[in-house]
Amino acid sequence: MTFNGWAQIVFFFATVLLVTRPVGIFLHRVMEGELRPLGGLERLVLRLSRADGEEQSWARYAASLLVFSAATMLVTYAIQRLQLLLPWNPQHLGPVAAGSAFNTAASFTTNTNWQGYAGETTMSYLSQMAGLAWHNFISAAAGIAVAFALARGLTRRESPTIGNFWVDLTRATVHVLLPASIVFALLFVSQGVIQNLAPSREATTLEGRTQTIAMGPVASQEAIKQLGTNGGGFFNANAAHPFENPTPLTNYLSMFLIFVIPAGLTYAFGRMAKDQKQGWALFGAMAFLFAGGVGVAYWAEARGNPIVDRLAVTRGEGNWEGKEVRFGIANTALYAVVTTDASCGAVNGMHDSFTPLGGLVPLFDIQMGEVVFGGVGAGLYGILVMAILSVFIAGLMVGRTPEYLGKKIETREVQLAMLYVLIFPLVILAFAGWSAVAPYGTSSLANAGPHGFSEILYAFTSAAGNNGSAFAGLNANTPWYNVTLAIAMLAGRFLMIVPALAIAGSLAAKKVVAPGPGTLPTAGPLFAGLVVGVILVVGALTFFPALALGPAVEHVLANTGKVF
């Protein structure tokens, strides 16, 4: 580890911290209707969609989200299957196979952006723009909408409603995601990210051979894939490809965009609670977990591969396998932590090539529930569920009814929170265990032993966590993985959103009670530490046995000189 590496990491987080307040203020004012910079466009969209703007109960809000998501998923599936008949297909790419199209439609609908295909040789330009990039906007906007719905549930008094899904979706898209994406897409273009509709070009290499160089509308997709914590790359190599991520500045901007809205949402929550310390407590819990992950990942990768140390070679500066020389070890480790903390899925290096402990960090980041800043919207509503569990646990300790922001946390809220928490590991461990013993689950593995198990575990963790990054080494474009990963993505998104919205509806209807002598303060470091503890304990107790069979065993074997 070097001073330069740490300086870059500190600079990155300092800039995120710097914009958290202004971004949070902007998000709050936009989503609550106080600021409408593109009000004419908002009104036009709502008029065309015939949304009346009437406030909805949590059940109507959830139903609207589910119907909208199902319809858009069908549209994306149809675009892929019909792409040979549609325009903007200069490579004349044929229809995407049914299994892969279903998986991809589920992936982009759930803000996962898992890709079991090579984008530049599978998707036409229209599929990339109208099917994938379009979904990057609306799936991210839906996450923001749910976050504000839960925040309203916690902060409103005796209200039967939590907002209107169509209004929230439109405001997040029109006022936040669309204008910001245009600005950053142009900035990416200025740095060399390509943006065109030209067909692929043929080039002659120095060896006299022919190489196909893919073209396409990359910058427009790159901006929203990072800002919306989507992560799906135009190219198979994702952010390691020089056409997607050509310079250190684009690499920094990519990471910055991943964190900027999730960080700002914590401040927006503080404004809604009319107590800014509530938002900073959640931000502090997230920041602590982020710092721990970066420290371990950077240390593990800078330390290098212990197997190489036993060979008659110079280890050099650390583990360089699977990393871009343009970015180095520090920025690759940082990128891996940022993208898995925030359920983005974009990668500028291959996690499969990390050291065992270095690879464990992004895996465990997702298994904590994607609450370390988390996805756009998903991070806030995820950590709010953890906060509710934290005050419940604290209430058990002191023998009093737990309260959060003056709302009593009772049986219904705890049951819904536990449903939210238990769905995640159930989906991951059930499918990962099944795949690890079935021949159709292991037949497409590139590695045996604990590393192969880690590849399977990571795939389902990434899918259920709506992250989308891959460990690599696993060919997931098979009938088994296309179907099971799609189910994991849909369950990890909607079977967790519905309980969160139900909690919002239940809390919104409650009265606010005055704090008493047994009320746990939830606006300081003590509560932030309690939330961190609950997150770590829930993740550790649930996934420790699986992690012990994968990265932990591989680390022990690597240090004894054994490798599979």
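Going by the structure above, here's the rest.
Residues numbered from 1 in each chain as written. Predicted model: local features only at pLDDT ≥ 70, side-chain atom pairs only at ≥ 80, totals over all residues. Heavy atoms only, no water.

This paragraph deals with the overall build of the chain. Helix and strand counts for the chain come out as 19 helices and 4 strands. Here the C-alpha radius of gyration of the chain, 23 Å, is about what a compact globule of 564 residues would show, namely 24 Å. The principal-axis extent of the C-alpha atoms belonging to the chain is close to 75 × 55 × 45 Å. Relative to its full complement of 564 residues, the chain shows a buried share of 59%. Partitioning the intrachain contacts of the chain with sequence separation of at least 6 by distance along the chain shows that 78% fall at a separation of at least 24. As presented, the chain carries roughly 21,300 Å² of accessible surface, and 67% of it is formed by carbon and sulfur atoms. (Helix = DSSP H or I, 4+ residues; strand = E, 2+ residues; numbered from the N terminus. Rg over C-alpha atoms; globule rule 2.2 N^0.38 Å. Buried < 20%, exposed > 50% of the residue type's maximum accessible area, 1.4 Å probe, protein only. Contact = heavy atoms within 4.5 Å. Areas by Shrake-Rupley, 256 points an atom, 1.4 Å probe, with all protein chains shown as cover.)

Our next topic: a nonpolar patch on the surface. Where nonpolar side chains cluster on the molecular surface, the patch consists of Leu38, Leu41, Leu44, Val45, Leu48, Leu178, Ile182 and Leu186 and spans about 680 Å² of accessible area. At the level of secondary structure, the elements contributing two or more residues to the nonpolar patch comprise helix H2 (39–48) and helix H7 (165–190). Considering every element that reaches the nonpolar patch, the biggest residue donor is H2, with 4 residues. The topology assignment puts Leu178 in helix H7. Given a relative accessible area of 31%, Leu178 falls into the partly exposed group. (Patch = residues over 30% accessible without salt bridge, like charges linked within 9 Å, V, L, I, M, F, W, Y side chains within 5 Å. Salt bridge = Lys/Arg side-chain N within 4 Å of Asp/Glu carboxyl O.)

The tally for this structure, following the rule as stated, stands at 27 aromatic pairs. Seen in terms of ring centroids, Tyr125 and Phe234 are 6.3 Å apart; in terms of plane orientation they differ by 40°. Their pairing is tilted. Highlighted residues: Tyr125 in helix H6 (residues 125–155) and Phe234 in the loop between helix H8 (218–227) and helix H9 (248–272), separated in sequence by 109 residues. When the centroid spacing of 5.6 Å and the interplanar angle of 15° are considered together, the rings of Phe431 and Phe460 count as stacked. In this pair, Phe431 is assigned in helix H15 (residues 411–437) and Phe460 in helix H17 (residues 449–464), connecting sequence segments 29 residues apart. With respect to burial, Phe431 and Phe460 carry one shared label: buried. (Phe/Tyr/Trp six-rings, centres within 6.5 Å; stacked < 30°, edge-to-face > 60°.)

Among the nonpolar cores identified, the biggest contains 159 residues, and Phe12, Ile261, Phe290 and Tyr404 are the most heavily contacted of them. Beyond its immediate stretch of four places on either side in the chain, Tyr404 contacts Leu154, Phe269, Gln278, Leu282, Leu384, Ala387, Ile388, Val391, Ile409, Thr522 and Phe527. Val96, Ala101, Tyr117 and Leu132 belong to the second largest nonpolar core, which has 6 residues in total. (Core = buried A, V, L, I, M, F, W, Y, C linked by side-chain atoms within 4.5 Å.)

Our next topic: unusual backbone geometry. In this structure, Glu158 takes a positive phi of about 50° despite not being glycine. Within the secondary structure layout, Glu158 lies in the loop between H6 and H7. Residues other than glycine seldom take positive phi values, yet Phe373 does so here, at roughly 70°. Since its relative accessible area comes to 1%, Phe373 is described here as buried.

The interhelical angle for the contact between H6 and H7, taken along N-to-C directions, is 125°, at an axis separation of 8 Å. In terms of axis orientation, H6 runs oblique to H7. Every pair of crossing elements has a handedness; the one defined by H6 and H7 is right-handed. Taking contact as the criterion, the partners of Phe137, Ile138, Ala140, Ala141, Ala142, Ile144, Ala145 and Arg152 in H6 are, on H7, Phe165, Asp168, Leu169, Ala172, Thr173, Leu177, Leu178 and Ser181. Class assignment of the residues belonging to the contact of H6 with H7 gives a composition of 12 nonpolar, 2 polar and 2 charged. (Axes fitted to C-alpha atoms, helices over the stretch in contact; angles between N-to-C directions. Parallel < 35°, antiparallel > 145°, perpendicular 65-115°, else oblique. Left-handed = near helix turned anticlockwise from the far one by under 90°. Nonpolar A, V, L, I, M, F, W, Y, C, P; charged D, E, K, R; others polar.)

Turning our eyes to something else, we now look at the pairing of strand E1 (residues 201–204). The pairing of E1 with strand E2 (residues 210–213) spans 4 bridges and is antiparallel. Considered in E2, the bridge of Glu202 is made with Thr212. What sits between the antiparallel neighbours E1 and E2 is a turn of 5 residues, in which Gly208 has the positive phi angle 90°. (Pairing = 2+ DSSP bridges.)

Per the counting criterion, the structure on display carries 13 salt bridges. Put simply, Glu403 and Lys408 hold a salt bridge, and the shortest N to O gap is 3.5 Å. Judged by its relative accessible area of 14%, Glu403 falls in the buried class.

Quick look at empty space enclosed by the protein now. For the structure shown, the criterion picks out 4 cavities of 30 Å³ or more. If you add up the space inside the largest cavity, you get close to 150 Å³. For the largest cavity, the lining is made up of 14 residues, of which Glu370, Ala378, Gly465, Asn466 and Gly492 are closest to its centre. Counting only elements with at least two residues in the lining of the largest cavity, the list comes to helix H14 (378–398), H15 and helix H18 (479–508). Counting residues per element, the lining of the largest cavity draws most heavily on H18, at 3 residues. Residues of the lining of the largest cavity, tallied by class, amount to 6 nonpolar, 6 polar and 2 charged. Volume-wise, the second largest cavity comes out at about 60 Å³. (1 Å grid on protein atoms, 1.4 Å probe; cavity = no way out; pocket = protein on both sides within 12 Å on 5 of 7 lines; lining within 4 Å. Points joined across faces, edges and corners; volume = space filled by probe spheres on them.)

Between the first and last C-alpha of helix H12 (residues 328–341) there are 20 Å, a value that for 14 residues agrees with the 20 Å anticipated at 1.5 Å per step. Ser343 occupies a position one or two residues after H12 and carries a positive phi of about 45°. (Expected span 1.5 Å × (residues − 1).)

Let us look at the environment of Leu501. With respect to the secondary-structure elements, Leu501 resides in helix H18. For Leu501, a relative accessible area of 0% puts it in the buried group. When the C-alpha positions of Leu501 and Thr442 are compared, they lie 37 Å apart, and in sequence the two are 59 residues distant. Sequence-distant contacts of Leu501, defined by excluding residues within four places in its chain, comprise Trp58, Tyr61, Ala62, Val146, Ala149 and Ile162.

Turning to its location among the elements, Thr20 is positioned in helix H1 (residues 3–31). A residue is classified by how much of its surface remains accessible, and Thr20, at 0% relative accessible area, is buried. Side-chain polar atoms of Thr20 contact the backbone oxygen of Val16, separated by 2.8 Å. With residues near it in sequence (within four places) discarded, Thr20 still touches Ala263, Gly264, Thr266, Tyr267, Trp280 and Phe283. (Polar contact = N/O pair within 3.5 Å; in protein donor to acceptor, adjacent residues only side chain to side chain.)

Relative to the 16 Å expected for 12 residues at 1.5 Å per residue, helix H4 (residues 98–109) spans 16 Å between its end C-alpha atoms, a close match to the ideal helical length. Of all 12 residues making up H4, 9 are buried, and the element is well covered by its neighbours. Residues of H4 that are buried sit in contact with helix H3 (58–81), H6 and H18.

Function-wise, these values are silent; they only describe arrangement.
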